[in-house]
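Here's the letter readout for the chains.
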Amino acid sequence: MSPAEERLNGCYESLAGRIPFQPKVALVLGSGLGGFADEMQQEAAVAYGEIKGFPVSTVPGHKGRFVFGSVHGVPAVIMQGRVHYYEGYSMEDVVLPVRLMRKMGADILFLTNAAGGINAGFRPGDFMMITDQIGDFVPSPLRGPNLDSLGPRFCDMSQVYDRELQAVLRKTAGELNITLREGVYIQLPGPSYETPAEVRMCRTLGADAVGMSTACEAAAAVHCGLRVCGISCITNMACGITDRPLSHAEVQQAADEAAPAFRQLLECSIRKMGELCRKGAD
Ligand code: HPA
């Protein structure tokens, strides 16, 4: 077994006794969106620092724990705070939590993040369903010896964001009267925000929103067999699209303001995704 697989198994063993049920859906909460987990009925919570070998997040506003609870009857594990590449962790560290949630038994990974809008049709406060991604500006999380127990060496990426889950998100947003934009997410390494020239580059490459997470997590998730969906909360227009300088405080505030609608969209779509899982099991 590779050191990465041994480490993953070690994390799982150190956590297994505290997992109250097998989660169906794994949810990663981005900047400013962590409140979702506080407001739900929790069955258990495990701080990352209590898990042997687990990387611990250092970003202000990120709590750093797994919360287990039911979202409209669907057993879910929620990451309140993620591990970012810009914190100095290796890609193996960054995607370990995703692999761990797969090991817990989750079938679906729902990724959320705060992102800068590149598409000129977007406005701060918009939600963008991620339809595809560009992750080439950070190292691949699949580089190095393949973890054969998780997935194949040469992994198909033709449909990173599951079409059936995209349909669920579209339908749910429509029912809730929430405008849901769609587009391509690009991950840059951060931690600085982009320059106007970098944002122009991203636009030329076909990106609609830019952030500092998510694409590497989605790639690792597809590799280990999770069905993935993702929504970016457009907290600001990316640098150079408007003249205003960017601040983390502004990003956080916009995410806070969007939180109630975001919460509704998450809850209602997760309920439908739970039905999909049940149908799949029949
Ligand atoms: N760029 C990168 N990451 C971000 C941004 C941005 O403009 N806004 C929120 N996260």
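Below you will find a few notes about this structure. Only a predicted model underlies this, so the values are computations on that prediction, with no experimental measurement involved.

Take the site of the ligand next. Taken together, Ala114, Ala115, Gly116, Tyr193, Glu194, Val210, Gly211, Met212, Thr235, Asn236, Leu246 and Val251 make up the full set of residues adjacent to the ligand. Measuring from a nitrogen atom of the ligand, one finds a side-chain N or O atom of Glu194 at 2.8 Å. With respect to the ligand, the side chain of Asn236 contributes an N or O atom lying 2.7 Å from a nitrogen atom. Protein contact buries 95% of the 260 Å² of open area that the ligand shows by itself. Elements represented by at least two residues in the shell around the ligand include exactly strand 5 (108–117), strand 8 (209–211) and strand 9 (227–237).

Moving on, we come to a nonpolar patch on the surface. A cluster of nonpolar side chains, namely Phe137, Met201 and Leu205, defines an oily patch on the protein surface of about 240 Å² accessible area. With respect to the helices and strands, Phe137 occurs in the loop between strand 6 (127–134) and helix 4 (163–176). Judged by relative accessible area, which is 34%, Phe137 ranks as partly exposed.

Below, the discussion takes up the nonpolar core. By size, the foremost hydrophobic cluster in this structure holds 51 residues, and its most contacted members are Phe54, Phe66, Phe68, Leu100, Met101, Met104 and Leu109. If you tally residues by element for this core, the top one is helix 3 (residues 91–104), at eight residues. The contacts of Phe54, once residues within four sequence positions are left out, are Cys11, Tyr48, Phe66, Val83, Leu96, Pro97 and Leu100. Counting residues in hydrophobic clusters, the runner-up holds 34 residues, among them Leu27, Val67, Ile78 and Val168.

With that settled, the discussion passes to the packing of helix 1 (residues 3–16) against helix 3. Between two packed helices, the angle of one axis relative to the other and the distance separating the axes together describe the packing. Taken N-terminus to C-terminus, the directions of helix 1 and helix 3 make an angle of 55°; their axes are 10 Å apart at the nearest point. Here helix 3 runs oblique to helix 1, going by the angle between their axes. Crossing angle aside, the handedness with which helix 1 passes helix 3 is right-handed. Counted together, Ala4, Arg7, Leu8, Asn9, Cys11, Tyr12 and Leu15 of helix 1 and Glu92, Asp93, Leu96, Arg99, Leu100, Lys103 and Met104 of helix 3 form the full contact between these two elements. Across the contact of helix 1 with helix 3, the residue classes tally to eight nonpolar, one polar and five charged.

Interhelical geometry of helix 3 versus helix 6 (residues 215–223) gives an angle of 55° and a closest axis separation of 9 Å. In terms of orientation, helix 3 lies oblique with respect to helix 6. Seen from above, helix 3 lies across helix 6 with right-handed handedness. Residues Met91, Val94, Val95, Val98 and Arg99 of helix 3 touch helix 6, and the partners they reach there are Cys216, Glu217, Ala220, Ala221 and His223.

The subject of this paragraph is the pairing of strand 1 (residues 25–29). The buried count for strand 1 comes to five of five residues, which makes it a mostly enclosed element. Burial along strand 1 is two-sided: Val25, Leu27 and Leu29 and Ala26 and Val28, pointing in opposite directions, are all buried. Bridge analysis of strand 1 against strand 4 (residues 74–80) gives five bridges, and the strand direction is parallel. Bridge pairing links Ala26 to Val77 in strand 4. Relative to strand 5, strand 1 is paired through four bridges, and the arrangement is parallel. Of the residues in strand 5, the one forming a bridge with Ala26 is Leu109.

Two aromatic rings are characterised by how far apart their centres lie and by the angle between their planes. As enumerated under the stated definition, the model contains five aromatic pairs in all. Where Phe127 meets Phe262, the ring centres are 4.9 Å apart and the plane angle is 35°; that geometry is what we call tilted. Residue Phe127 is located in strand 6, and its partner Phe262 is located in helix 7 (residues 248–281); the two are separated by 135 residues in the primary sequence. The class for Phe262 is buried, based on a relative accessible area of 2%. Here a set of aromatic residues connected by ring pairs shows up, and it is made of Tyr48, Phe54 and Phe66. The aromatic ring of Tyr12 is capped on one face by Lys103, whose charged end is 5.7 Å from the ring centroid.

The rules behind each value
- Residues numbered from 1 in each chain as written.
- Predicted model: local features only at pLDDT ≥ 70, side-chain atom pairs only at ≥ 80, totals over all residues.
- Heavy atoms only, no water.
- Near = heavy atom within 4 Å.
- Polar contact = N/O pair within 3.5 Å; in protein donor to acceptor, adjacent residues only side chain to side chain.
- Areas by Shrake-Rupley, 256 points an atom, 1.4 Å probe, with all protein chains shown as cover.
- Helix = DSSP H or I, 4+ residues; strand = E, 2+ residues; numbered from the N terminus.
- Patch = residues over 30% accessible without salt bridge, like charges linked within 9 Å, V, L, I, M, F, W, Y side chains within 5 Å.
- Salt bridge = Lys/Arg side-chain N within 4 Å of Asp/Glu carboxyl O.
- Buried < 20%, exposed > 50% of the residue type's maximum accessible area, 1.4 Å probe, protein only.
- Core = buried A, V, L, I, M, F, W, Y, C linked by side-chain atoms within 4.5 Å.
- Contact = heavy atoms within 4.5 Å.
- Axes fitted to C-alpha atoms, helices over the stretch in contact; angles between N-to-C directions.
- Parallel < 35°, antiparallel > 145°, perpendicular 65-115°, else oblique.
- Left-handed = near helix turned anticlockwise from the far one by under 90°.
- Nonpolar A, V, L, I, M, F, W, Y, C, P; charged D, E, K, R; others polar.
- Pairing = 2+ DSSP bridges.
- Phe/Tyr/Trp six-rings, centres within 6.5 Å; stacked < 30°, edge-to-face > 60°.
- Lys NZ or Arg CZ within 6 Å of the ring centre and 35° of its normal.

Geometric values such as these leave the question of function open.
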